[in-house]
Amino acid sequence: MALYYKEDGEQNEQIILFLHGGGVGGWMWDEQVQYFKGKYHCIVPDLPGHGRSRETDFVSIKDCAFQLIHLLEGKKEDKKIIVVGFSLGAQIAIQMLSQSPDLIDYAMINSALVRKVPFGKEMVKPTIRLTYPLIKYRFFSKLQAKQLYIGPNLFEKYFKDSNRMSLDTLTMVLEENMSFQVPDSYADVKASLLITVGEKERKVMKSSAIDLLSKRDRAQAITITGIGHGIPIAAPEFFNDILENWLEGAGLLLNTKVIPKC
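Chemist: Quick question: what am I supposed to make of a nonpolar patch on the surface here?
Modeler: Together, L134, Y137, F139 and L143 make up a nonpolar patch on the protein surface, roughly 410 Å² of accessible area in all. Along the chain, L134 falls in the loop between α4 (120-131) and α5 (138-147). L134 sits in the partly exposed class, given a relative accessible area of 30%.

Chemist: When you look at a positive patch on the surface in this model, what are you seeing that I'm missing?
Modeler: The grouping of K116, K121, K125 and R129 at the surface amounts to a positive patch. Position of R129 among the secondary structure elements: in helix α4. Residue R129 is classed as exposed on the basis of its relative accessible area, which comes to 57%.

Chemist: What is the right way to look at helix α7 (residues 167-179) in this model?
Modeler: Owing to its 3.6 residues per turn, the α-helix aligns residues three or four sequence positions apart on the same side. Over its 13 residues, α7 extends 18 Å from the first C-alpha to the last, a length consistent with the 18 Å expected when each residue adds 1.5 Å. For α7, the set of buried residues is T169, L170, T171, V173, E175, E176, N177 and S179. Looking at the buried residues of α7, the elements they touch are α2 (61-75), α3 (88-99) and α4.

So, how was this worked out
- Starting from 1, residues in each chain are numbered consecutively following that chain's sequence as written.
- In keeping with the predicted nature of the model, local features appear solely for residues at pLDDT of at least 70, side-chain atom pairs appear and are counted solely at 80 or more, and the whole-chain, interface and lining totals rest on all residues.
- Hydrogens and water are ignored here; the side-chain numbers use all heavy atoms of the structure.
- For patch detection, residues must exceed 30% relative accessible area and be free of salt bridges, and they are connected within 9 Å for like charges or within 5 Å for nonpolar side chains (Val, Leu, Ile, Met, Phe, Trp, Tyr).
- For the accessible areas, the method is Shrake-Rupley and the probe is 1.4 Å, while residue cover comes only from the protein chains on display.
- What counts as a salt bridge is simple: a side-chain nitrogen of Lys or Arg found within 4 Å of a carboxyl oxygen of Asp or Glu.
- Numbering of helices and strands runs from the N terminus; a helix is a DSSP stretch of H or I covering at least four residues, while a strand is a stretch of E covering at least two.
- In this scheme, a residue with accessible area under 20% of its type's maximum is buried, one over 50% is exposed, and one in between is partly exposed, where area comes from a 1.4 Å probe on protein chains only.
- This count recognises Lys and Arg as positive and Asp and Glu as negative, with His and chain-terminal groups excluded.
- By convention, the point assigned to a charge is CZ for Arg, NZ for Lys, CD for Glu and CG for Asp.
- Helix span is expected to be 1.5 Å times the residue number reduced by one.
- Contacts are assigned to residue pairs that have any heavy atoms within 4.5 Å of one another.

In structure tokens, the structure reads:
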């Protein structure tokens, strides 16, 4: 089946492609679409194996990037393209940039893991076999949702989508996520980049942000104070301000801290 996506906003304006994280859906960007649709052409897919694209196999991060590049090439015309990705979506954005270095003009990379987790891929299958049956239970899903700052207003969407995700998809997503590394061709990327990580995220996520920053000249990186893994949902208005300020060339906001290049 074809990849599901929805479009909103000004069809003749610059494109913003929003890429969600693993285990959720395009709905995680509802607050961003509502805010930016007045000035931008917003495109929000459900990634393969997720939401309304659940019948489309999740094969790999590279395959997702290929499909999304193809989508953007059909929409671009003479428009500038902005890609905003979170977690798995940020990894896919990095892969898109690397596979097609001239296509994208701006990319905001949020909470991207780019350091291979030792033995992570090997541990996914035995761990998932034990935990997968639990996703059918609300108490377990609420614990998972809390980690992503998913509140009562979004929980039913999260619970519905997580229940529909197949064991094979979840396994493949986690294997790809834990083994992802920065492609060599990332050094050739032409786009301007903003890399963000939450102050309360794991050390490996902060190290990943530094890795991404150090490999690109036209990149900025910031730490967002008081936030863990989930800034677009945890503080959507603040996230929107960060993105808008960056795109318009304004200064950094309070509660953010610049990550210096090493």
